[in-house]
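# Results of the structural survey
One-letter residues, chain by chain:
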Amino acid sequence: MAPLTSSKLFILLSILTGLVGAFIHPLMSFFLVDELQVPPVYIGIYMVAVTLAGLVISQILGGLADKGYSARKMYIVASVGIILALIVYINSHMFALILVAGVCFMAFGNASVPQMLTLSRQWADDKPIDITQFNARIRAGISVAWMIGPPIAFSLLAFVGFPGVFGMAILIAILGIIFVYKFIPEKQQKSTSITDKPNVKPPYSFWCLVLAIVLASMGNNMYTASLPLYTIKELSLPSYTPGVLMGVVASLEIPIMLFCNRLCRVFKKKDLLIVSFISGLIFYAGVFFADTFWQLLLLQVFNAIFYGLFGGLGLTLMQEELPSRIGFTSAVYSNAFKIGVMIGVSCTGIIAQFFSFQFALLGAMCAALCAVILMLVFSYLQYQVVKQS
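Note on numbering: residues in each chain are counted from 1, in written sequence order. With the structure being a predicted model, the display of local features is reserved for residues of pLDDT at least 70 and the display and counting of side-chain atom pairs for 80 or more, all residues being used for whole-chain, interface and lining totals. As a rule here, side-chain values cover all heavy atoms of the structure and leave hydrogens and water aside.

### What about the state of the cysteines?
- Two cysteine sulfurs form a disulfide in these notes if their separation is within 2.5 Å. Under the definition given, this model contains 0 disulfides.
- The cysteine cysteine 370 is free of any disulfide, with cysteine 366 supplying the nearest cysteine sulfur at 6.6 Å.

Next comes the structure, spelled out in C-alpha cells:
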C-alpha cells in the first residue's frame, strides 16, 4: 500500500469518526428536552457525567496504547460503545437509563477520536511525510465532518425523528469499524514495548499548553453557545444568521489548517499558536461590539485564523512535547477540547442567566487572553530548558 494512499485512508477515517459525533452531540440537548421531556438542568447533568467518565476512559485507553496495546482494536471497542449507547437512546425514554448508557457506553465512544489520532500518528511516525501537514489534514477531516454533519442530522430529524438520526449514526459507526478492520494496518509492536517502555513524565510546559488548549476551547464554545440567541434574540438579526456565520468560518478555517505546514517553515509553531489566540481575542471583542450582520460576517476572518491555526497546530505541538507517549498526548488533546466544551457551555448559561448572551463574549475574551498568557509562559519554560542544555 503506497504511503500517499494510506494517508488518504486516515483522512477518510477522520471524516467518518467526526461524522458519528457530528450526528449525535449537536442533537443531545434537543433530544433530552424535546424527546424525553426533562427539565433543561438535566442537560448539564448528562454532559458533566458523560464528559467526566469519557475523560477517564480516554486517558486509560491512551495509556494502554503507549504500552503497546492495539489502538486499532481500542478504536473498534470505542465505536462499539457508541453503537450500544445509541441502541439504548433509540429504545428508551427514561432519563436515568439514558444517563447510565451515556456513562457506561458513550463514555467509551468518546475515546474514538483520540484513538483515531493515535492510530494516525503511529502510522505516520515511520513514514517520510510532514507530520505537521498530516496532523492538520486529519484535523481538517474532522472539521469537514462537523461542517456537513449537523445540517444533515437536523434535516433528517424533521423527516425520521431521533431514532432515524441515531440509526444513521450507528450505520456510520459500523462503517468505521469495517473500514478500520479492512483497510487500516495493525501497528506492529515490539515484544518488549508493553513492559519496558519508559513512562516519561510530562514537563511543566506541557501542562501550560494543555491549559491553553482548554481555555481556547472554552472561549470558542462560549461564543458558539451564545451565538444563536445573541444574534437572533438580542440583536434581532434574521434567523439564518448563525448558520451563515458558522458555514463561512468553516469554509475559511479548513484551508488555513491545510496551510499550516507551510507557515511552520517560516514561523515557530508556538508563535503561530500565540497569533491564533490573539486573533480569537480580537474576534470576541469585535463580536461584542458588532451590531450588524456584515460586521459579524467580516469578523469571521479573525475567527478562521484563530481556529484554523489552533486546530492545525495544537495536536502537533503537544505531541512534540512528549514524542514517546503519542496515545497519552492524543487523549489529553481530545479531552482538553471536551473540558473546554463542558466549562464553556456551563459558563455561558450562568452568565446569560444573570446578564445576557452578549456578556458571555466577555468570558470568551478572558479565556482567550489567559490562553495567550499561558502560551507566553510555555515559550519561557521552553527557552529555559534550551538555555540549561
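Having seen the model, we can carry on.
### Some thoughts on the side chain of asparagine 220
- Secondary structure elements follow DSSP: runs of H or I of four or more residues count as helices, runs of E of two or more count as strands, with numbering from the N terminus. You can see asparagine 220 is positioned in helix α8 (residues 204–234).
- The classification of residues rests on relative accessible area computed with a 1.4 Å probe and restricted to protein chains. Under 20% of the type maximum is buried, over 50% is exposed, and intermediate values are partly exposed. Residue asparagine 220 is classed as buried on the basis of its relative accessible area, which comes to 14%.
- Residues in contact with asparagine 220, not counting those within four places in the same chain, are Tyr284, Asn303, Phe306 and Tyr307. Contacts are assigned to residue pairs that have any heavy atoms within 4.5 Å of one another.

### Here's the deal with helix α2 (residues 41–66)
- In this analysis, the expected span of each helix is defined as 1.5 Å times one less than the number of residues it contains. Compared with an ideal rise of 1.5 Å per residue, which puts 26 residues at 38 Å, α2 spans 38 Å between its outermost C-alpha atoms and is within 8% of the ideal.
- Looking one or two residues beyond α2, the residue adopting positive phi is glycine 68, at roughly 110°.

### Thoughts on the pattern of salt bridges
- For salt bridges, the criterion is a side-chain nitrogen of Lys or Arg within 4 Å of an Asp or Glu carboxyl oxygen. If you walk through the whole model with that rule in mind, you get 2 salt bridges.
- Across the salt bridge formed by lysine 269 and glutamate 320, the nearest N and O atoms sit 3.1 Å from each other. Of the two residues, lysine 269 is situated in helix α10 (residues 269–289) and glutamate 320 in helix α11 (residues 293–321); the sequence distance between them amounts to 51 residues.
- The salt bridge partner of lysine 270 is aspartate 271, with a shortest N-O separation of 3.7 Å.
- Since its relative accessible area comes to 15%, lysine 270 is described here as buried.

### So, a nonpolar patch on the surface
- Taken together, Leu252, Ile278, Ile282, Val301 and Phe302 make up a surface patch of nonpolar side chains, about 370 Å² in accessible area.
- The set of elements that each furnish at least two residues to the nonpolar patch consists of α10 and α11.
- Judged by relative accessible area, valine 301 falls into the partly exposed class, the value being 44%. What goes into a patch is any residue over 30% in relative accessible area without a salt bridge, connected to like charges within 9 Å or, for nonpolar side chains (Val, Leu, Ile, Met, Phe, Trp, Tyr), within 5 Å. Each accessible area is a Shrake-Rupley result for a 1.4 Å probe, and residues are judged covered by the shown protein chains and nothing else.

### Considerations on the nonpolar core
- Residues belong to a common nonpolar core when they are buried Ala, Val, Leu, Ile, Met, Phe, Trp, Tyr or Cys residues joined through side-chain atoms within 4.5 Å. With 123 residues, the main nonpolar core has Tyr89 and Phe277 as its most contacted residues.
- Residues within four places of phenylalanine 277 in sequence aside, it is in contact with Ala212, Ala216, Phe306, Phe310, Ala368, Ala371, Val372 and Met375.

### Re the packing of aromatic side chains
- The criterion for an aromatic pair is that two Phe, Tyr or Trp rings (for Trp, the six-membered ring) have centres within 6.5 Å, with stacked assigned to planes under 30 degrees apart, edge-to-face to planes over 60 apart and tilted to the rest. Evaluation of the coordinates by the stated rule reveals 27 aromatic pairs.
- Between phenylalanine 10 and phenylalanine 134, the ring centres sit 6.4 Å apart and the planes meet at 75°, which makes this aromatic pair edge-to-face. Within this pair, whereas phenylalanine 10 is found in helix α1 (residues 3–35), its partner phenylalanine 134 is found in helix α6 (residues 131–183), the two being separated by 124 residues in sequence. Take phenylalanine 10 and phenylalanine 134: they sit in the same class, and that class is buried.

### Some thoughts on α8
- In a regular helix each residue adds 1.5 Å, so 31 residues correspond to 45 Å; α8 covers 42 Å between its end C-alpha atoms and thus fits that length.
- Along α8, the helix axis deviates most sharply at serine 226, where the bend reaches about 45°; the proline proline 228 sits within four residues downstream. The quantity called bend is, for any residue, the angle between two axes fitted respectively to the seven residues ending at it and the seven beginning at it.

### With respect to the packing of helix α3 (residues 71–91) against helix α5 (residues 112–125)
- The N-to-C vectors of α3 and α5 enclose an angle of 160°; their axes lie 9 Å apart at closest approach. Regarding the angle of α3 to α5, the classification is roughly antiparallel. α5 is crossed by α3, and the crossing has left-handed handedness. Seen from α3, the contacting residues are Ala71, Arg72, Met74, Tyr75, Ala78 and Ile82; seen from α5, they are Ser112, Gln115, Met116, Thr118, Leu119 and Gln122.
- When residues are sorted by character, Ala, Val, Leu, Ile, Met, Phe, Trp, Tyr, Cys and Pro go into the nonpolar class, Asp, Glu, Lys and Arg into the charged class, and all the rest, Gly among them, into the polar class. Its residues assigned to classes, the contact of α3 with α5 comprises 7 nonpolar, 4 polar and 1 charged. Note on method: axes are straight lines fitted to C-alpha atoms, helices fitted across the in-contact stretch only, with angles between N-to-C directions ranging 0 to 180 degrees. Should an angle fall under 35 degrees it is taken as roughly parallel, and over 145 as roughly antiparallel, whereas 65 to 115 is taken as roughly perpendicular and any remaining angle as oblique. We call a crossing left-handed when the near helix sits turned anticlockwise from the far one by less than a right angle, and right-handed when that turn is clockwise.

Keep in mind that these numbers describe shape and distance, not what the molecule does.
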